[in-house]
Amino acid sequence: MTTNPTSEPAPAVTLDTSGLLCPLPVYKAALALKGIEPGQILELICTDPGSLADIPAMAHQRGDRLVRTEDRDTTQVFWIEKGTTT
Amino acid sequence: MTVSIQPHPTESTDANTPKRLALVASKGTLDQAYPPLILATTAVSLGWEVGIYFTFYGLDILHKDRFEKLKVASLANPAGPLQVPNIVGAIPGATALATKTMKRWMANSAMPTVPEFIDMARDLNVTFFACATTMGIMNVTETDLIDGCDIAGAAAFLDYAATADVQLFI
C-alpha cells in the first residue's frame, strides 16, 4: 500500500530501524529529524508492527508532515517532512 | 545537586507551549522500570516535556547502587518471564533466573537496558523527581542517587502535574 505518492524531493536522510521495537524507531527518528532542516525529508524504514500507528502519530504530535507511507509485507517505509515547530 | 523546580502557571494558553507528560514510577522491579522510561523517551521524542516522579520502590530506578541490579521475581508473578509454581519460585536462585531471562528477552529484542534508558531520558532533559519522603523513609541520601535528580515532595510534583496534558501512575 502506498499513500500520498507525490513528487516530493528526495530524502535528505534515510534511517533504517529494522529489528527495533518501540520506542526506538520514534526515538531515533526524532534524533534524525533534529539533524535536518524544516522542509527536508527523512526516509524512515521500520519493521516494528506498531509503526503504522506510531509514525503518523509522531508526525502529528511533532508537527511534521507524513508525505508518504509504504506498507510492504513486514517493512514499512515513511517519508517525513520536517515541520517548522520542532 | 540543585533544585531547579519552580512553580508553574496553572494554565497555559500559548499554542507553542509543549505538551507535558507527568509520570509516577512507584515500582522498582526490572519489568516495571521499563514502562515509565519507554513512555518518557517516546514523549520527549514527540516534542513533549516530561517529568517522572520516582516514589517508594520506584526510587530504586534512580539509586546508584541499585538501578543496574533491578530484579524481577517469578514468585507471585504468574505473568513473569519464568512461569513456574510459586513453590519453585521460592527456591534460591529463582529470582536470579527470572531476571536473567527477562534481560535476555530485552537483549534479543535490541531493547536498551534500564541504565541506557536512564541516559537516553536524561540526555533528552526528562526531569527526574526523587521523592523526598521516600528518601527519608528508606534512608536514601542525595549522594545515593544518580546525577541530575530533583529532590521534591508531593506538592512540587503535583504542581508540575497540574499543567500536564497526560498524567499516569505506574
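Note that the structure is a prediction, hence the values are computed from the model and not measured.

1. Regarding the overall build of chain A
Right, so step 1: Along its length, chain A carries two helices and five strands.
Right, so step 2: Going from N to C terminus, chain A has its helices and strands arranged as β-β-α-β-α-β-β.
Right, so step 3: At 11 Å, chain A has a C-alpha radius of gyration in line with the 12 Å of a compact globule built from 86 residues.
Right, so step 4: For chain A, the C-alpha atoms occupy an extent of roughly 30 × 25 × 20 Å along the three principal directions.

2. Regarding the nonpolar core
All names here are of chain B.
Right, so step 1: One finds Ile52, Leu62 and Phe128 to be the most contacted residues of the largest nonpolar core, which totals 60 residues.
Right, so step 2: Among the elements that make up this core, the one with the highest residue count is helix H1 (residues 30-45) (eight residues).
Right, so step 3: Once you skip the residues sitting within four places of it in the chain, Leu62 turns out to touch Phe54, Phe67, Ile118, Phe128, Phe129, Ala130, Asp144, Leu145, Ile146 and Cys149.
Right, so step 4: Counting residues in each nonpolar core, the second largest holds ten residues, with Val24, Tyr53, Ala152 and Ala161 among its members.

3. Concerning a nonpolar patch on the surface
Right, so step 1: On the surface, a cluster of nonpolar side chains totalling about 350 Å² of accessible area is made up of Phe56, Tyr57 and Ile137 of chain B.
Right, so step 2: For Ile137 of chain B, the position within the fold is in helix H5 (residues 132-137).

4. A short note on the interface of chain B and chain A
Right, so step 1: Facing the 15 residues of chain B at the interface are 14 residues of chain A.
Right, so step 2: When the two sides are added together, the surface that chain B and chain A hide from each other amounts to roughly 1,200 Å², 70% of it contributed by carbon and sulfur.
Right, so step 3: Ranking the residues of chain B by area buried against chain A places Ser45, Leu46 and Met120 of chain B at the top, with a combined share of 41%.
Right, so step 4: On the surface where chain B and chain A come into contact, there are zero salt bridges.
Right, so step 5: There are three residue pairs in polar contact (both at pLDDT 80 or more) connecting chain B and chain A.
Right, so step 6: Broken down by secondary-structure element, the contributors of at least two residues to the side of chain B that touches chain A are H1 and helix H4 (114-123) of chain B.
Right, so step 7: Residues of the side of chain B that touches chain A, tallied by class, amount to nine nonpolar, five polar and one charged.

5. Quick word on the sheet that holds strand S5 (residues 166-169) of chain B
Residue and element names in this part refer to chain B.
Right, so step 1: Spatially, S4-S3-S2-S1-S5 is the arrangement adopted by the five strands of the open sheet, whose pairing is parallel. Where the open sheet ends on each side, the last strands, each with one partner, are strand S4 (149-152) and S5. Averaged over neighbouring strand pairs, the angle between their axes works out to 20° when direction is ignored.
Right, so step 2: Relative to strand S1 (residues 20-25), helix H6 (residues 154-162) is tilted by about 145°, and along the sheet it contacts S1, strand S2 (49-54), strand S3 (127-131), S4 and S5.

6. Quick word on the domain arrangement of chain B
All names here are of chain B.
Right, so step 1: Under the domain assignment, chain B is made up of domain 1 (19-68 + 113-144) and domain 2 (72-112).
Right, so step 2: Each partner contributes to the interface: domain 1 provides ten residues, whereas domain 2 provides eight residues.
Right, so step 3: A per-residue breakdown of the area domain 1 buries against domain 2 is headed by Leu30, Asp31 and Tyr34, which together make up 62% of the total.
Right, so step 4: Counting across the interface, domain 1 meets domain 2 through zero salt bridges.
Right, so step 5: Counting only elements with at least two residues in the side of domain 1 that touches domain 2, the list comes to H1 and H4.
Right, so step 6: Of the residues that constitute the side of domain 1 that touches domain 2, the class distribution is six nonpolar, one polar and three charged.

7. Remarks on the environment of Val77 of chain A
Residue and element names in this part refer to chain A.
Right, so step 1: Looking at the secondary structure, you find Val77 in strand S5 (residues 75-81).
Right, so step 2: Sequence separation of Val77 and Leu21 is 56 residues, and the distance between their C-alpha atoms is 15 Å.
Right, so step 3: Dropping the residues within four chain positions of it, Val77 is found in contact with Glu43, Leu44, Ile45, Arg68, Thr69, Glu70 and Arg72.

8. Description of the pattern of salt bridges
Right, so step 1: Applying the stated criterion across every chain, the model contains seven salt bridges over all chains.
Right, so step 2: In this structure, the salt-bridge partner of Glu49 of chain B is Arg20 of chain B, at a minimum N-O distance of 2.5 Å. In this pair, Glu49 of chain B is assigned in strand S2 and Arg20 of chain B in strand S1, connecting sequence segments 29 residues apart.
Right, so step 3: For Arg20 of chain B, a relative accessible area of 7% gives the class buried.
Right, so step 4: With a shortest N-O distance of 3.0 Å, Arg122 of chain B and Asp119 of chain B are connected by a salt bridge. One end of the pair, Arg122 of chain B, and the other, Asp119 of chain B, are both in helix H4, three residues apart, so they sit about a helical turn from each other.
Right, so step 5: With a relative accessible area of 27%, Arg122 of chain B lands in the partly exposed category.
Right, so step 6: One salt-bridge network, held together by shared partners, links Arg68, Glu70 and Arg72 of chain A.

The rules we used
Residues numbered from 1 in each chain as written. Chains lettered and ligands numbered in written order. Predicted model: local features only at pLDDT ≥ 70, side-chain atom pairs only at ≥ 80, totals over all residues. Heavy atoms only, no water. Helix = DSSP H or I, 4+ residues; strand = E, 2+ residues; numbered from the N terminus. Rg over C-alpha atoms; globule rule 2.2 N^0.38 Å. Core = buried A, V, L, I, M, F, W, Y, C linked by side-chain atoms within 4.5 Å. Buried < 20%, exposed > 50% of the residue type's maximum accessible area, 1.4 Å probe, protein only. Contact = heavy atoms within 4.5 Å. Patch = residues over 30% accessible without salt bridge, like charges linked within 9 Å, V, L, I, M, F, W, Y side chains within 5 Å. Areas by Shrake-Rupley, 256 points an atom, 1.4 Å probe, with all protein chains shown as cover. Salt bridge = Lys/Arg side-chain N within 4 Å of Asp/Glu carboxyl O. Buried area = accessible area lost by both parts, 1.4 Å probe. Polar contact = N/O pair within 3.5 Å; in protein donor to acceptor, adjacent residues only side chain to side chain. Nonpolar A, V, L, I, M, F, W, Y, C, P; charged D, E, K, R; others polar. Pairing = 2+ DSSP bridges. Axes fitted to C-alpha atoms, helices over the stretch in contact; angles between N-to-C directions. Domains from an automatic or database assignment.

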